[in-house]
Amino acid sequence: MINGYNNKITYSSTYTVLIFSLILLCFSAIEAGPLETDNLVCDQEDRRLLVSKLDYVYRHYRYAVSEQPVKVISIDKYKIVERVLKNAMEQAKKCLSNPVTPELAYVEQIVADYKNIAKPSKLESNIEHIRNDLIKKFDLSTSPKNIPDLKKGKKVYDTICAQCHGDRGDANTAVSQTFKVKPTAFSDPNIVDRLSPFQMANTIKDGVEATNMPSFAGLSEKERWAVANYILFLASKENSGGTAKKSVYVPWYKTMDLTNGELKTRIQRLGVIPSALNASVSYIRSLEMYQDKKLQAPLNRLYQTELLFVKTRMLIEKDNQREARQIALKAYFDYFKKIEPWLVKEGYAQEVTDFETQMFNFTSSFSRPELNQADLLNIIIEHIQGLSKDLIKKT
């Protein structure tokens, strides 16, 4: 019953009601804003692929374009980057367009920089910024669930990788000589310093457009992570002359998204001298120190303690006393104090007592100007480093 009439609705009035209903639906949709179908068209694999393609461009653009003077030095590699960027743009539109996000404009700018033959340093800076933001935005995992098995990685490498990349990673093989674009030489420190296990695992899965690098998506996730880590271990071993040095601890999962260059920077901040960097990286990439599970928790807490005291030192240098004190207390209560019972049990009672004294002196320095805060912090950091090195020797 409509407008008081019993089943006497004409075709014209029915049509009018239909049109009016459609108009109301349109207004409702406008007020509600665009439908967020992002989750329907873009899954986690698409997001990983976007980051993977941007990582590839970051690593390889400088082999296509020189920094000074800015010009294309390899048209073949420039075209490969173009293909990879095209794929990245497709993924960006898929994952960042509905609703439109600021990150989409960043990817579009990277494409524009490529077309304008921008300096490699400029393109790399933009990519580094956006890829880290995307990893956080997408909540992407940059490490495997478990420590990779290098023995399994070597087996996979010898079976499917060595014929092109070489037994020692130098890419000097009969097969590689037939390629227009030579495979990556992992023995080149300039190349391997720009590679991380996360990036390698992605490239192994995805392959590289317009090259002889196929996709090995048929490998299991464990196999991809294993061979990615083995490659970086092999490269690090070659670059260190076969030597490995037990020096500092970095949590294994943290190393998965660190290039060898970034890893060197990280451990140098932790006190490793320049001449020992390659050997130290070689040992870290061997993953040997992570096999003793009993030592992982205390080593990880000592690592976090040291990082926070290094940050405290930086804040003291900037005369940011208030935040420096907060960070130092966080390092002590959140990390070091929690492993004191374990350290005492393992025979480090004197080291714990010494640290407590050092911590007391440092906290007292905020009200006693005669105490040199920088010197006290250096003593604390060296003490933590000593403890870590002693534990690492047991691995």
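Model, not experiment: these values are computed from the prediction.

Glancing now at the overall build of the protein chain. Within the protein chain, the secondary structure is distributed over 17 helices and two strands. Within the span of the protein chain, comprising 395 residues, buried residues form 46% of the whole. Counting contacts in the protein chain only where the partners sit at least 6 residues apart, residues at least 24 apart contribute 69% of the total. Here the protein chain has roughly 21100 Å² of accessible surface; of this, 53% comes from carbon and sulfur atoms.

Right, let's get into the side chain of K53. Relative to the assigned elements, K53 resides in helix 3 (residues 44-60). At a separation of 3.2 Å, a polar atom in the side chain of K53 contacts the side chain of E209. Sequence-distant contacts of K53, that is, excluding residues within four places in its chain, are made with V84, N87, A88, D206, G207 and E209.

Moving on, we get to the packing of aromatic side chains. Inspection of every chain in the model, using the stated rule, returns 13 aromatic pairs. Centroid distance Y230 to F233: 6.4 Å. Interplanar angle 55 degrees. Geometry classified as tilted. Of this pair, Y230 and F233 both sit in helix 10 (residues 221-239), three residues apart, roughly one helical turn. On the basis of relative accessible area, Y230 is assigned to the buried category, the value being 8%. Judged by centre distance (4.8 Å) and plane angle (70 degrees), the rings of Y332 and F333 are edge-to-face. Taking the relative accessible area as the measure of exposure, Y332 reaches 8% and is therefore buried. A relative accessible area of 46% means that F333 is categorised as partly exposed.

Moving on: the environment of E221. Tracing the backbone through its elements, the reader meets E221 in helix 10. For E221 and A201, which are 20 residues apart along the polypeptide, the C-alpha to C-alpha distance reads 8.4 Å.

To continue, consider the pattern of salt bridges. Once their charged atoms are close, side chains differing in charge can pair, the charge on each being opposite to the other. Under the defined criterion, the tally for this structure stands at 17 salt bridges. A salt bridge links E209 to K53; the shortest N-O distance between them is 3.2 Å. Taken together, the positions of E209 in the loop between helix 9 (197-206) and helix 10 and K53 in helix 3 put the pair 156 residues apart, joining distant regions of the chain. By relative accessible area, which is 4% here, K53 ends up buried. Connected via shared salt-bridge partners are E45, R48, K205 and D206.

Topologically, E306 is positioned in helix 14 (residues 293-317). For the buried residue E306, which engages in no salt bridge, the nearest side chain bearing the opposite charge is R313, 7.2 Å off. Setting aside its immediate chain neighbours within four residues, E306 contacts L270, I381, I384 and Q385.

Evaluation of the coordinates by the stated rule reveals one disulfide. C42 shares a disulfide with C95; S-S distance 1.9 Å. Since a negative S-S torsion denotes a left-handed disulfide, the C42-C95 link at about 90 degrees is right-handed. Linking C42 in the loop between helix 2 (38-41) and helix 3 with C95 in helix 4 (residues 75-96), this pair joins segments that are 53 residues apart in sequence. Here C42 and C95 have matching classes, each one buried. Looking at C161, it has no disulfide partner, and the nearest cysteine sulfur is the one in C164, 8.5 Å off. Residue C161 is classed as buried on the basis of its relative accessible area of 11%.

Turning our eyes to something else, we now look at the nonpolar core. The biggest cluster of nonpolar side chains holds 106 residues, and the ones touching the most others in it are Y61, L96, Y157, I267 and F309. Considering every element that reaches this core, the biggest residue donor is helix 4, with 10 residues. Ignoring any residue separated from it by four or fewer positions in sequence, one finds Y157 in contact with A162, H165, G166, D167, G169, F186, V227, Y230, I231 and L234.

With that settled, consider helix 3. For helix 3, spanning 17 residues, the distance from its first C-alpha to its last is 25 Å, which sits close to the expected 24 Å at 1.5 Å a residue. Extensive coverage of helix 3 is indicated by the burial of 15 of its 17 residues. Put simply, D43 is the residue that caps the front of helix 3, since its side-chain oxygen is 3.1 Å from the backbone nitrogen of E45.

Residue P69 follows Q68 across a cis peptide bond; omega there is -5 degrees. Relative to the helices and strands, P69 is located in the loop between strand 1 (65-66) and strand 2 (71-72). A cis amide bond links N98 to the next residue, P99, at an omega of 5 degrees. Positive phi values are uncommon outside glycine, yet A210 reaches one of about 60 degrees. In this structure A210 comes out as partly exposed when scored by relative accessible area, which is 47%. One non-glycine residue with positive phi stands out, namely L287, at about 65 degrees.

Moving on, we get to helix 16 (residues 349-364). When the terminal C-alpha atoms of helix 16 are compared, their 23 Å separation across 16 residues agrees well with the 22 Å that a helix rising 1.5 Å per residue should span. Considering only its buried residues, helix 16 is in contact with helix 14, helix 15 (321-345) and helix 17 (373-392).

Thresholds applied
- Residues numbered from 1 in each chain as written.
- Predicted model: local features only at pLDDT ≥ 70, side-chain atom pairs only at ≥ 80, totals over all residues.
- Heavy atoms only, no water.
- Helix = DSSP H or I, 4+ residues; strand = E, 2+ residues; numbered from the N terminus.
- Buried < 20%, exposed > 50% of the residue type's maximum accessible area, 1.4 Å probe, protein only.
- Contact = heavy atoms within 4.5 Å.
- Areas by Shrake-Rupley, 256 points an atom, 1.4 Å probe, with all protein chains shown as cover.
- Polar contact = N/O pair within 3.5 Å; in protein donor to acceptor, adjacent residues only side chain to side chain.
- Phe/Tyr/Trp six-rings, centres within 6.5 Å; stacked < 30°, edge-to-face > 60°.
- Salt bridge = Lys/Arg side-chain N within 4 Å of Asp/Glu carboxyl O.
- Lys, Arg positive; Asp, Glu negative; His and termini not counted.
- Disulfide = S-S within 2.5 Å.
- Core = buried A, V, L, I, M, F, W, Y, C linked by side-chain atoms within 4.5 Å.
- Expected span 1.5 Å × (residues − 1).

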